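Structural overview
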Amino acid sequence: VTSAIAVSSFSPFALGSTELSNPLPITLLDFNAIVDTSQVVLHWRTASEINSSYFAVQRSAMGDEFETIGQLTATQFSQSVVHYTYVDERPLAGKSYYRLKMFDLDDTTEFSKIIIVNFDEKLLQFYPNPTTDFLHLTQPRRIKLSTSMGIPVLQSMQRVTELALPSDLAASIYLLQTDQGEMFRIIIAR
């Protein structure tokens, strides 16, 4: 694309290339995060990858200086949707900023949009997840445990910090809802 009108002393100018050998390495469809108990789970999808090398997951406390906290190998060549997940097991308290730095095989880089996550350490946390027999909560709550289809399987009438799981509950993913409106996904692995 070449400018059609004079812009300044350095005009006309051109953007782009007549070569087909230098497309962008990655077409990023989306990049998002969810707070899951005591960690932040980052998800992203690519629509296509050409000569892609890897993703550096970067985090910042203030949104200005980013540090790399992990990396994932890219697919390199793909014309279909590819899903990626990275778990920040030690998120910063309060507001954090995340972005992806995407590397091509020739070290060309490109950045994703910046997403903001608010991780409040005072929120309810529970462990272990996955679990087999017991679930421990960091704060007392009345809870309701339901199947992934929303069918209730267990409900506490009093606030609890430890919950014994019935032995007849099948290994599956369940939804834990509290009297404070919090909702979490738990995995029972038996």
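Residues numbered from 1 in each chain as written. Predicted model: local features only at pLDDT ≥ 70, side-chain atom pairs only at ≥ 80, totals over all residues. Heavy atoms only, no water.

**A word on the overall build of the chain**
Our working rule: Secondary structure elements are defined from DSSP: runs of H or I of at least 4 residues count as helices, runs of E of at least 2 residues count as strands, and each element is numbered from the N terminus. Per-residue accessibility, obtained with a 1.4 Å probe over protein chains only, is compared with the maximum for each type, and a residue is labelled buried under 20%, exposed over 50%, and partly exposed between these values. Contacts: residue pairs with any heavy atoms within 4.5 Å of one another.
Along its length, the chain carries 0 helices and 16 strands. Buried residues in the chain amount to 35% of all 190 residues. Contacts in the chain between residues at least 24 apart in sequence constitute 52% of all its contacts with a sequence separation of at least 6.

**Overview of the sheet that holds strand β11 (residues 134–141)**
What counts here: Any two strands with at least two DSSP bridges between them are considered paired.
If you walk across this open sheet you meet the 3 strands as β10-β11-β14, and the pairing is antiparallel. Two strands in the sheet have a free side with no partner beyond their single neighbour: β10 (126–127) and β14 (160–164). Of the strand pairs in this sheet, β11 and β14 are connected by 4 bridges, and their pairing is antiparallel. Along β14, the bridge assignment pairs L135 with L163.

**Points about the nonpolar core**
Selection criterion: By convention a nonpolar core is built from buried Ala, Val, Leu, Ile, Met, Phe, Trp, Tyr and Cys residues, the set being connected through side-chain atoms within 4.5 Å.
Of all hydrophobic cores here, the largest spans 17 residues; its most connected members are F31, L42, W44, F55, Y98 and L100. Elements represented by at least two residues in this core include exactly β1 (26–36), β2 (39–50), β3 (52–60), β6 (82–88), β7 (94–104) and β9 (115–119). Apart from the residues lying within four places of it in its own chain, the contact partners of L100 are L28, F31, W44, F55, A56, V57, E110, F111 and S112. Formed by 15 residues, the second largest nonpolar core is a distinct cluster that contains F126, L145, Y174 and I188.

**Things to note about the environment of T46**
If you trace the backbone, T46 turns up in strand β2. Judged by its relative accessible area of 0%, T46 falls in the buried class. Taking the C-alpha atoms as reference points, T46 and T75, separated by 29 residues in sequence, lie 9.7 Å from one another.

**Quick notes on the side chain of S60**
Spelled out, the test is: By the criterion applied in these results, polar contacts are pairs of N or O atoms within 3.5 Å in which, for protein atoms, one can donate a hydrogen and the other can accept it, and in which residues neighboring in sequence qualify only through two side-chain atoms.
In this fold, S60 is placed in strand β3. A polar side-chain atom of S60 sits 3.3 Å from the main-chain amide nitrogen of M62. Those residues in contact with S60 that lie beyond four places of it in its chain are E65, F66, L92, S96 and Y97.

**Some points on the pattern of salt bridges**
So the rule is basically this: The salt bridge criterion pairs a side-chain nitrogen of Lys or Arg with a carboxyl oxygen of Asp or Glu, the two atoms within 4 Å.
Here the structure, examined in full by the defined rule, presents 5 salt bridges. Its salt-bridge partner being E67, residue R59 comes within 3.5 Å of it at the nearest N-O pair. On the accessibility criterion, E67 (44% relative accessible area) is partly exposed. D179 is the salt-bridge partner of R142, the closest N and O atoms lying 3.6 Å from each other. Remark: D179 occurs in the loop between β15 (172–178) and β16 (183–188) and R142 occurs in the loop between β11 and β12 (143–147); sequence separation between them is 37 residues. The partly exposed category is assigned to R142, whose relative accessible area is 37%. Classification of D179 as partly exposed rests on a relative accessible area of 29%.

**Focus on the sheet that holds β16**
Here is the rule: Interaxial angle, 0 to 180 degrees, is taken between N-to-C directions of lines fitted to C-alpha atoms, where a helix line uses only the stretch in contact.
Ordered by their spatial adjacency, 4 strands build an open sheet running β13-β12-β15-β16, and the pairing between neighbours is antiparallel. The open sheet terminates on both sides in strands that have one partner only, identified here as β13 (152–155) and β16. Strand after strand, the sheet turns through a mean of 25 degrees between neighbouring axes, direction not considered. Where β12 lies against β13, 3 bridges are found, and the strand directions are antiparallel. Pairing of S146 across the sheet is with P152, part of β13.

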